[in-house]
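# Analysis of the macromolecular model
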Amino acid sequence: MSEPTSAKAIVVFDIDGVVRDVSGSYRRAIADTVEYFTTQYRPTPLDIDQLKSEGVWNNDWEASQELIYRYFETQGQTREQLQLDYTAIVAFFQARYRGTDPNNFTGYICNEPLLLQPSYLEQLTQAGIPWGFFSGATRASANYVLEKRLSLQSPVLIAMEDAPGKPDPTGLFATVRELDNGIEQKLAVVYVGDTVADMYTVEKARGLDSSHTWIGVGVLPPHVQETAARSDAYSETLIAAGAAVVLRNVQELTPRQIQELISSSAQSVV
């Protein structure tokens, strides 16, 4: 069955948890880092999800530091007493995630399962839907998966170094400007992410720019799909944060589904 080619939208993807499974890489590095600096406490995947559900811990270095702080607070210590070395936290995290070779990736990043295939992105292109990426990952890490693993040629990408962290929508606006270049009509923008911060980013974009229709699409990261209860709870969290729909895999967001989301959004506005 052929897909419609009339979808008037730009699609922007988050990367971690959407394009690649980071449960055994970024999230494992968070747990390693917290365990190393506390010597006692290793956060569970649920602990990390609960922190992320607050919507302001998109940066995994900062998330690691926050979990360390909170552990020591339960032990009666104040943040002022601790004087954590953020640079040391970042360095340890990166050694686990990227590896210790400055010229080559050798760490957890090398084993991240892919969650989409280039043929899916080609399907969007054939339907006339521009697409790009806005991620809190470093540019090197993002390009590793996009260019080396997926063999994409210079995709539109706004990464950690290019914009403030989510839920600040500055990076989303920048991605849209690159994709919307030369297009006079204001296309709907669909942002696909797996966290509360991603959905908050869409909400903030909507509040600052009424010339576009802004649609948040949630994706369940693989680590929450192990049980129906986890999946349902995570879905409810994303919907409460503003997701129009929550999918089990990004490739379920077909051109037809995009068109339906735009139509539903238009009807709700009316």
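Just above sits the structure.
Presented here is an overview of the structure given in this document. Computed from a predicted model, the values in this text were never measured in an experiment.

Turning to the overall build of the protein, a few remarks are in order. Counting secondary structure elements, the protein contains eleven helices and six strands. Compactness check: the protein gives a C-alpha radius of gyration of 19 Å against a globular reference of 18 Å for 270 residues, within 12% of the reference. With respect to the principal axes defined by its C-alpha atoms, the protein has extents near 55 × 40 × 35 Å. Sorting the 270 residues of the protein into buried and exposed places 53% on the buried side. A separation threshold of at least 6 residues defines the contact pool for the protein, and within that pool the share at least 24 residues apart is 72%. Accessible surface, the protein: about 12,400 Å² in total, of which carbon and sulfur atoms supply 48%.

Turning to the environment of Arg-149, a few remarks are in order. Here Arg-149 shows up in helix H7 (residues 139-149). On the accessibility criterion, Arg-149 (29% relative accessible area) is partly exposed. Excluding residues that lie within four positions of it along the chain, Arg-149 makes contacts with Ile-109, Glu-112, Leu-114 and Tyr-144.

Attention shifts here to the sheet that holds strand S4 (residues 188-193). Spatially, the six strands line up as an open sheet ordered S3-S2-S1-S4-S5-S6, and their pairing is parallel. Across the chains shown, the open sheet's two edge strands, defined by having one partner strand only, are strand S3 (157-158) and strand S6 (245-247). Across two bridges, the pairing between strand S2 (residues 131-134) and S3 is parallel. Across the sheet, residue Phe-133 finds its bridge partner in S3, namely Leu-157. Helix H6 (residues 118-126) contacts strand S1 (9-13) and S2 of the sheet and is inclined by roughly 125 degrees relative to S2.

Glancing now at the pairing of S1. Burial analysis of S1 places five of its five residues in the buried class, the great majority of the element. The side-chain alternation of S1 yields two buried faces, one formed by Ala-9, Val-11 and Phe-13 and the other by Ile-10 and Val-12. Where S1 meets S4, five bridges bridge the pair, whose relative direction is parallel. Within the sheet, the bridge partner assigned to Val-12 lies in S4 and is Tyr-191. Pairing of S1 with S2 involves three bridges; the strand directions are parallel. By the bridge assignment, Val-12 is partnered in S2 with Gly-132.

Rules behind the numbers
Residues numbered from 1 in each chain as written. Predicted model: local features only at pLDDT ≥ 70, side-chain atom pairs only at ≥ 80, totals over all residues. Heavy atoms only, no water. Helix = DSSP H or I, 4+ residues; strand = E, 2+ residues; numbered from the N terminus. Rg over C-alpha atoms; globule rule 2.2 N^0.38 Å. Buried < 20%, exposed > 50% of the residue type's maximum accessible area, 1.4 Å probe, protein only. Contact = heavy atoms within 4.5 Å. Areas by Shrake-Rupley, 256 points an atom, 1.4 Å probe, with all protein chains shown as cover. Pairing = 2+ DSSP bridges. Axes fitted to C-alpha atoms, helices over the stretch in contact; angles between N-to-C directions.

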